[in-house]
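For reference, the chains in residue letters:
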Amino acid sequence: MTAQVIKKVVIAGGGTAGWCAAAGLSRLMGPLLDITLIESADIGIIGVGEATIPTIRTFHALINVDEQDFMKATNGTFKLGIDFENWARDGDHYFHSFGVTGKAPWMAPFHNLWLEARAQGFGGSFDDYSLELQAARAGKFQIHKNLPLSYAYQFDAGLYGKYLRKLSEATGVKRIEDNITGVDQNPETGFITALILASGEVVEGDLFIDCTGFRGLLIEQTLKAGWEDWGHWLPTDRALAVQTRSDKPIKPSTRVIAHGEGWRWRIPLQTRVGNGLIYSSAYLSDEEAEERLRTLLDEPMVAEPRLVKYKTGRRKTFWDKNCIAMGLSSSFVEPLESTSIHLFQRSVLHLVQNFPFFGVTDALAAHYNDLSLQELEYARDFVILHYKLNQRPETFWKDRAAMAVPDDLQARIDLFRESGVAFQGPGELFRVDSWAQVMFGQRLEPRGWHRFGAFMNREELTGVFDGLKKTVDHFVAQMTPHDAFIKQYCPTTVER
Ligand SMILES: Cc1cc2nc3c(=O)[nH]c(=O)nc-3n(C[C@H](O)[C@H](O)[C@H](O)COP(=O)(O)OP(=O)(O)OC[C@H]3O[C@@H](n4cnc5c(N)ncnc54)[C@H](O)[C@@H]3O)c2cc1C
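Computed from a predicted structure; not experimentally measured. (Residues numbered from 1 in each chain as written. Predicted model: local features only at pLDDT ≥ 70, side-chain atom pairs only at ≥ 80, totals over all residues. Heavy atoms only, no water.)

### Regarding the sheet that holds strand 13 (residues 227-229)
Then comes step 1: As summarised here, the arrangement of the 3 strands in space is 13-19-22, forming an open sheet in which the pairing is antiparallel. In this open sheet, the two edge strands, each paired with only one partner strand, are strand 13 and strand 22 (331-332). (Pairing = 2+ DSSP bridges. Helix = DSSP H or I, 4+ residues; strand = E, 2+ residues; numbered from the N terminus.)

Set out below in structure tokens:
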């Protein structure tokens, strides 16, 4: 039998991406690998990724995470979607829910039926037919086998890393705390052979995973993969992050509220709230941003705001030679739709499915790069959509409305505007329901739609909508307030 060539995996960086890679690889392929993770206490982590999307539950199920244990340890709350305020215009309000809206036959999605009803003067609000949306608005939540909610989590990023570290170390991951000061390469192939640490220790490996954040110590500083900048589509580049007290009932959703030069987030955890002001430094100074953040916060701050600088874009190659970049070292879309943790958890799973046991080949790396790029570009386009479709009066927003967007996205916008068709591409994260909710929310009005609703008479059609709404209302009425559910199911073990 041919011998396994790649066995020693070295993960550079212990932020959320590094520990997700360590937990994923060790728990899914542990006996076949020898995994070391190096992290630096001096450099620390970015520590702002606190909102997720439902696919995190698939990752957790695969690596056997106990939900209650994880929620207690990370100050976690549940998330049924994202509440958008002031996005298309000041005063607008829409919700991107994680669930399915309504019910439809195979012919076309539900929003077509709703458009048909609306044209006939009834059908209510599109929001009435999403269980997750109505539950979030009512501040309710439940986990029950007869009530399959599509949900994600909000948690403390630092505590999540620690939790994954515990799981990883229990499955044999070796952790070294030190600074990486040098990288050894094979002079002929350019493959990385070892990382040199400040202590003088040399950590050899067969495969290196770069999770060193935006600096991209291996993928960029060593291998010079190159960076494709997306600043012309997604020009925000700064966040002022701050924690506040938690004085209000804890809603199972993230709030994102547009302001004149960007937007701000509010992510409720069990004992505190994470807040941040996202802006573009080309349109707003740091001083103005801080002043704005202080006036907009709903609750008193428990620490001073922290400035985080970032850039949107991607490495031109994610897997180069025997190095794979994951997390911020590989790409960043911008945090609006909480796609970052999802994307690197997908990277871990792609690597597990395409692991180079018998050596790195160009074909394997190219396949991995293609898969990753397609998923990333879908997520990028979905986020750009929110910026492009706005009618706000400020220069920042007018510039976004006027910008040329990627061709595929423009084609999707035109398709929906002309015919009401929305679709989920192969391997794409966001479903038709997500595209429809955001397009409607951003005031994109379709000129046409599929007329399968016209096969029913008015009475039948009204019956369908009434029945759907009654079902949603009935289930929401049965649910528990989110706070009370958390207290009973997963009270935090984090000290207040
Ligand atoms: C403003 C903002 C808000 C965000 N919000 C969300 C969100 O809500 N949801 C979401 O999914 N994502 C979000 N993200 C993205 C998310 O924060 C990151 O994807 C996630 O934290 C992963 O970061 P990372 O592990 O790649 O990098 P980092 O957290 O920067 O970790 C880098 C690691 O590399 C180590 N390191 C670096 N250099 C060296 C060296 N020389 N020697 C040794 N170790 C080294 C560091 O010590 C650290 O451990 C947000 C990002 C930003 C900027």
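Next comes the rest of the write-up.
### Focus: helix 11 (residues 407-419)
Residues spaced three or four apart along an α-helix face the same direction, because each turn holds 3.6 residues.
Then comes step 1: Taking 1.5 Å of rise per residue, 13 residues should cover 18 Å, and helix 11 covers 18 Å from first to last C-alpha, within 8% of that figure.
Then comes step 2: For helix 11, the set of buried residues is Leu409, Arg412, Ile413 and Phe416. An end-on view of helix 11 places all buried positions within 95° of arc, on one side of the element.
Then comes step 3: Those residues of helix 11 that are buried lie in contact with helix 4 (110-119), helix 9 (362-388) and helix 12 (432-441).
Then comes step 4: Downstream of helix 11 by a residue or two, glycine 420 has a phi angle that is positive, lying close to 75°. (Expected span 1.5 Å × (residues − 1). Buried < 20%, exposed > 50% of the residue type's maximum accessible area, 1.4 Å probe, protein only. Arc of directions from axis to C-beta. Contact = heavy atoms within 4.5 Å.)

### Some words on the site of the ligand
Then comes step 1: Looking at the ligand, there are 34 residues lining it, with Gly14, Ala51, Ile180, Ser340 and Ile341 nearest.
Then comes step 2: Here isoleucine 46 contributes a backbone N or O atom positioned 2.9 Å from an oxygen atom of the ligand.
Then comes step 3: In this structure, isoleucine 341 approaches the ligand through a main-chain N or O atom, which is 2.9 Å from an oxygen atom.
Then comes step 4: Broken down by secondary-structure element, the contributors of at least two residues to the shell around the ligand are helix 1 (16-29) and helix 8 (340-353). (Near = heavy atom within 4 Å. Polar contact = N/O pair within 3.5 Å; in protein donor to acceptor, adjacent residues only side chain to side chain.)

### Topic: unusual backbone geometry
Then comes step 1: Despite not being glycine, lysine 321 has its phi angle at roughly 55°, a positive value.
Then comes step 2: By the secondary structure assignment, lysine 321 is in the loop between strand 20 (319-320) and strand 21 (323-325).
Then comes step 3: Of note, the phi angle at glutamate 334 is positive, near 125°, even though the residue is not glycine.
Then comes step 4: Looking at glutamate 334, the relative accessible area reads 1%, which means it is buried.

### Quick word on the side chain of glutamate 334
Then comes step 1: Considering the arrangement of structural elements, one finds glutamate 334 in the loop between strand 22 and helix 8.
Then comes step 2: Here glutamate 334 sits buried without a salt bridge, and the closest side chain of opposite charge, arginine 400, lies 8.9 Å off (N-O distance).
Then comes step 3: Looking at glutamate 334, its side chain comes within polar contact range of the side chain of tryptophan 263, at 3.3 Å. (Lys, Arg positive; Asp, Glu negative; His and termini not counted. Salt bridge = Lys/Arg side-chain N within 4 Å of Asp/Glu carboxyl O.)

### Some remarks on the packing of aromatic side chains
Then comes step 1: If you walk through the whole model with that rule in mind, you get 39 aromatic pairs.
Then comes step 2: Seen from their ring centres, phenylalanine 110 and phenylalanine 126 are 6.1 Å apart, and the 25° between their planes marks the pair as stacked. Of this pair, phenylalanine 110 sits in helix 4 while phenylalanine 126 sits in the loop between helix 4 and helix 5 (131-138), placing them 16 residues apart in sequence. Of the two residues, phenylalanine 110 and phenylalanine 126, neither departs from the other in class, the shared state being buried.
Then comes step 3: Geometrically, the ring pair formed by tyrosine 151 and tyrosine 153 is edge-to-face, given 6.0 Å between the ring centres and 75° between the ring planes. Like tyrosine 151, the residue tyrosine 153 is buried in the burial classification.
Then comes step 4: Here a set of aromatic residues connected by ring pairs shows up, and it is made of Phe70, Phe78, Phe141, Tyr151, Tyr153, Phe155, Tyr160, Tyr163, Phe485 and Tyr489.
Then comes step 5: Its guanidinium or amino end placed over the ring of tryptophan 230, arginine 380 lies 5.1 Å from that ring's centre, counting from NZ or CZ.
Then comes step 6: The ring centre of phenylalanine 423 lies 4.1 Å from the NZ or CZ of arginine 412, which sits over that ring. (Phe/Tyr/Trp six-rings, centres within 6.5 Å; stacked < 30°, edge-to-face > 60°. Lys NZ or Arg CZ within 6 Å of the ring centre and 35° of its normal.)

### Observations regarding the pairing of strand 1 (residues 8-12)
Then comes step 1: Of all 5 residues in strand 1, 4 are buried, a share of seventy percent or more.
Then comes step 2: As paired elements, strand 1 and strand 2 (residues 34-39) share 5 bridges and run parallel to each other. Paired with isoleucine 11 across the two strands is leucine 37, which belongs to strand 2.
Then comes step 3: Bridge count for strand 1 against strand 12 (residues 207-210) is 4 bridges, and the pairing is parallel. Directly across from valine 9, in strand 12, lies its bridge partner leucine 207.

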